[in-house]
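Chain residues, written in single-letter form:
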Amino acid sequence: MKKFYILFPLLYLFSCQNEVLDKNGIPVIEVAQALENKSKINLSTLVSSLEYVRLETNANSLYRLPYVRDLIGDSLILFKTNKRISLFDRGTGGYIKDLGHVGDDPEGYKSNPRNLGINPFTNRVYASRNQEKLMGYSLKENDEIDFVKLPTIVNETGNNFTGGFITAFAYLDSTHFIAFVANMSGNEKNRILIHDRLGKVQKSYPNHLTFEKDPGFIQVSMTHFQEFNGRVLFKEAYNDTLFHISLEAMESAFVMNFDKYGIPYQDQEAIRGREALQEFLRLSHVMESDSFLFFEIEFKNNSYSGLFEKTTGETRISDSKALDYGYVNDIDGFVSFKPNFISRNGEIVSMVPAERIVDWFASHPDDIASLPANIQALQDVQPEDNFVVMIGKLIN
């Protein structure tokens, strides 16, 4: 099995299609270059149609920092926060029910991993019970909870705060799960563990990256997992390489070149404080489709939507400040599109805060009459309402 671990510095080669490759032949996503040469990204080049789902707002469906984590056929939307897992009707936007609950009782979970949507092999969505197990809640009424044990991580540091912790998860199938072990000590040996339902590790991929640990400083960085085409896309904070993980291998798939705007892995605890971090790029989303990688970066108090085209190797970042640096919505002329999630059936989601809807109508009074009727109906959205979900069908 051949594995690549790409560290600085990177050497670049160029293919006949102008695709940039690193020294190991891995496609390079030129994020820094695209940031310095921002351009318009038209939504019509990516999706063939758009639908809008206004999520119901009532006493049972008020959320803080929510996100869509699955589209279930044409009927359901899986909506999550750190403390809730909810189902909404895709057709009406109506709140249906919560799956599971936070609690210390035998059926309660402790945390709700951000990336976990529906496991299509078990038809359940999983949440975490500390470092002990995952708990799978069925979409069906009265189904028993599915318990999946997690691997035991041996703490060799003697410090409860710097021992290895499992902080992110992904599905491979009904019997194999992926666990990411955060490098809390600076020299954690484990990285990726593929385990079965009993917590037995079937395959592991070690961590080869280190940094100097400050014992008085604790951080848990964002880890990106996405199930795609029978494998999992994986991106760890401060490592520029994106990997594809399957039961057979963990292979380098892409490299994100942040250049001078990136924080090297070994310096991740050396740069602290909100103002200092604003001078560096931080990845908040990355998602793969058949033709593209969609990503979102944070830089100097702005969020930028980016795009990498697989066939040409071109990397672009949106240039429109007026559109919150999102994709230009040239399909119906309404709010810009900032990608947050891709479903297994080739649909891409943007979650639009209610305030943005209100602001758009206030600042575009002359454009309202030309909008489709379903969008004009959003004029009564209030700033404190739930998000409006935009769903686009990706063009292959």
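The structure this text deals with has already been given above.
Criteria and thresholds
- Residues numbered from 1 in each chain as written.
- Predicted model: local features only at pLDDT ≥ 70, side-chain atom pairs only at ≥ 80, totals over all residues.
- Heavy atoms only, no water.
- Salt bridge = Lys/Arg side-chain N within 4 Å of Asp/Glu carboxyl O.
- Helix = DSSP H or I, 4+ residues; strand = E, 2+ residues; numbered from the N terminus.
- Buried < 20%, exposed > 50% of the residue type's maximum accessible area, 1.4 Å probe, protein only.
- Contact = heavy atoms within 4.5 Å.
- Polar contact = N/O pair within 3.5 Å; in protein donor to acceptor, adjacent residues only side chain to side chain.

A. Main features of the pattern of salt bridges. One pass over the full model with this rule turns up 20 salt bridges. We note a salt bridge from Arg54 to Asp380, for which the minimum N-O separation is 2.6 Å. Taken together, the positions of Arg54 in strand 4 (residues 47-54) and Asp380 in the loop between helix 4 (373-376) and strand 29 (388-394) put the pair 326 residues apart, joining distant regions of the chain. In this structure, the salt-bridge partner of Arg191 is Glu236, at a minimum N-O distance of 3.2 Å. Taken together, the residues span a long stretch of sequence, with Arg191 in strand 17 (residues 190-195) and Glu236 in strand 20 (residues 231-236) at a distance of 45 residues. Each of the salt bridges in this network shares a partner with another, and the network as a whole consists of Glu51, Arg90 and Glu347.

B. Quick peek at the environment of Ser284. Position of Ser284 among the secondary structure elements: in strand 23 (residues 282-288). Taking relative accessible area as the criterion, Ser284 reaches 15% and is therefore assigned buried. Placed 61 residues apart in sequence, Ser284 and Thr223 show a C-alpha to C-alpha distance of 9.3 Å. Contact partners of Ser284, with chain neighbours within four places excluded, come to Met222, His224, Glu296, Ile297 and Glu298. A polar contact is formed between the side chain of Ser284 and the side chain of Glu298, at a distance of 3.3 Å.

C. Structural detail: unusual backbone geometry. Notably, Asn123 is not glycine yet its phi reads approximately 60°, a positive angle. Within the element layout of this structure, Asn123 appears in the loop between strand 11 (118-119) and strand 12 (124-129). A residue is classified by how much of its surface remains accessible, and Asn123, at 31% relative accessible area, is partly exposed. The phi torsion at Tyr325 lies on the positive side, around 55°, for a residue other than glycine. By the secondary structure assignment, Tyr325 is in the loop between strand 26 (315-317) and strand 27 (341-342).

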